[in-house]
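Understanding the architecture of this molecule
The residues making up each chain are set out below.
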Amino acid sequence: MKITYTGRQVELAPAQLKKIESQFAKVGKLLDGREQKEAHVILSLERHLHQAEITVNYHNHQLAGAGSNVDLFTAIHSAIEKLEKQTIKVRAKWRDTKRTPRKQEAAGPSEPPAAEPETEHERRIFHVNHHERRKPMTLDEALMEMEKGADYLVYRDAQTSRVAVLVRRRDGNFDLIEA
């Protein structure tokens with residue numbers, strides 16, 4: 001992890017920088033994947049109170065940790081802890097949303113599908129070839145076609161040349177829908 005420091009009225013010795021970089025090691029392991037991340041640390045002193053702000057760009061998210069204390073290293077440490085918590089939260093959110101298969105999302109959370117009654121038929125999809133020329137039918141011809149066992153029939157009426165739908169009702173009667 002590449003760390004950039006900006007000190008406003010605060011100077012850090014090389015030994016102090018090494019100590020801070022060792023604290024950044026854990027956050028660096030969480031953030032660094034295939035590409036190098038960059039952290040920007042701003043240290044300031046206001047009225048005997050040291051403030052530390054750390055910002056990191058991670059997958060189009062701005063992660064920020066801020067800490068303040070009378071002691072400089074305590075302020076930096078609290079800012080690093082806040083940044084670490086944010087990093088864990090963002091990574092867990094990203095990981096959890098990306099790991100569920102699409103088929104299970106629609107069905108629900110990893111529950112086995114309920115057994116369907118054996119009396120129901122398996123759902124079928126009928127493809128209609130619109131390019132095939134079919135001759136228009138009369139209502140009587142459509143009723144004869146429905147006797148073969150279909151639940152509905154879409155046909156072109158011979159008299160009006162309009163599309164009509166003949167649907168078998170549950171009571172055995174028929175509904176005619178004309179366009």
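Details of the structure are given in the entry above.
Below or above, wherever it landed, is the structure these notes cover. Note that this is a predicted model, so its numbers are computed, not measured.

Sheet architecture is open: 4 strands sit in the order E1-E2-E3-E4, paired in mixed fashion. Since the sheet does not close on itself, it has two edges, and those belong to strand E1 (2–8) and strand E4 (61–69), each with one partner. Looking at each pair of strands side by side, their axes are set apart by 15° on average, direction ignored. Strand direction decides the pairing type here: E1 and strand E2 (residues 38–46), joined by 7 bridges, are parallel. Bridge assignment links Gly7 to a residue of E2, and that residue is Leu43.

To continue, consider the sheet that holds strand E6 (residues 163–168). Taken in spatial order, the 3 strands line up as E5-E6-E7 in an open sheet, and their pairing is antiparallel. Looking at strand neighbours, the two that pair on one side only are strand E5 (152–156) and strand E7 (174–178), the edges of this open sheet. Across the sheet, the axes of successive neighbouring strands diverge by a mean angle of 20°, strand direction being ignored. Pairing between E5 and E6: 5 bridges, direction antiparallel. By the bridge assignment, Val154 is partnered in E6 with Val165.

Among the structural elements, His50 can be located in strand E3 (residues 49–58). Residue classification places His50 among the buried residues on the basis of a relative accessible area of 16%. Setting aside residues up to four positions removed in sequence, His50 forms contacts with Val10, Ser44, Leu45, Gly67, Ser68, Asn69, Val70, Asp71, Leu72 and Ala75.

What follows deals with the packing of aromatic side chains. Ring pairs (aromatic) are described by centroid distance and by the angle formed between their planes. Counted by the stated rule, this structure contains 0 aromatic pairs. We note Lys19 situated over the ring of Phe73; from NZ or CZ to the ring centre the distance is 6.0 Å.

All right, on to helix H1 (residues 14–31) then. Along its 18 residues, H1 runs 24 Å from first to last C-alpha, staying within 8% of the 26 Å computed at 1.5 Å per residue. The sharpest bend along H1 measures roughly 35° and falls at Ala25. Within the sequence span of H1, burial applies to Ile20, Phe24, Val27, Gly28 and Leu31.

What follows concerns the environment of Tyr58. With respect to the helices and strands, Tyr58 occurs in strand E3. Take Tyr58: its relative accessible area is 8%, and that puts it in the buried class. Spatially, the C-alpha atoms of Tyr58 and Val90 are 8.9 Å apart, while their sequence positions differ by 32 residues. Setting aside residues no more than four positions away along its own chain, Tyr58 makes contact with Leu30, Leu31, Lys37, Leu63, Val90 and Arg91.

Take the pattern of salt bridges next. Following the criterion strictly, the structure yields 3 salt bridges and no others. Between Arg169 and Asp175 there is a salt bridge, and its shortest N-O distance comes to 3.7 Å. Look at Arg169 and you get partly exposed, because its relative accessible area is 39%. Shared partners join several salt bridges into a network, and the residues in it are Arg169, Asp171 and Asp175.

Position of Val10 relative to the elements: it lies in the loop between E1 and H1. The exposure class of Val10 is buried, given its relative accessible area of 9%. The contact partners of Val10, leaving out residues within four places of it in the chain, are Leu43, Ser44, Leu45, His50 and Leu72.

Reading guide: rules and limits
- Residues numbered from 1 in each chain as written.
- Predicted model: local features only at pLDDT ≥ 70, side-chain atom pairs only at ≥ 80, totals over all residues.
- Heavy atoms only, no water.
- Pairing = 2+ DSSP bridges.
- Helix = DSSP H or I, 4+ residues; strand = E, 2+ residues; numbered from the N terminus.
- Axes fitted to C-alpha atoms, helices over the stretch in contact; angles between N-to-C directions.
- Buried < 20%, exposed > 50% of the residue type's maximum accessible area, 1.4 Å probe, protein only.
- Contact = heavy atoms within 4.5 Å.
- Phe/Tyr/Trp six-rings, centres within 6.5 Å; stacked < 30°, edge-to-face > 60°.
- Lys NZ or Arg CZ within 6 Å of the ring centre and 35° of its normal.
- Expected span 1.5 Å × (residues − 1).
- Bend = angle between axes of the 7 residues up to and from the residue.
- Salt bridge = Lys/Arg side-chain N within 4 Å of Asp/Glu carboxyl O.

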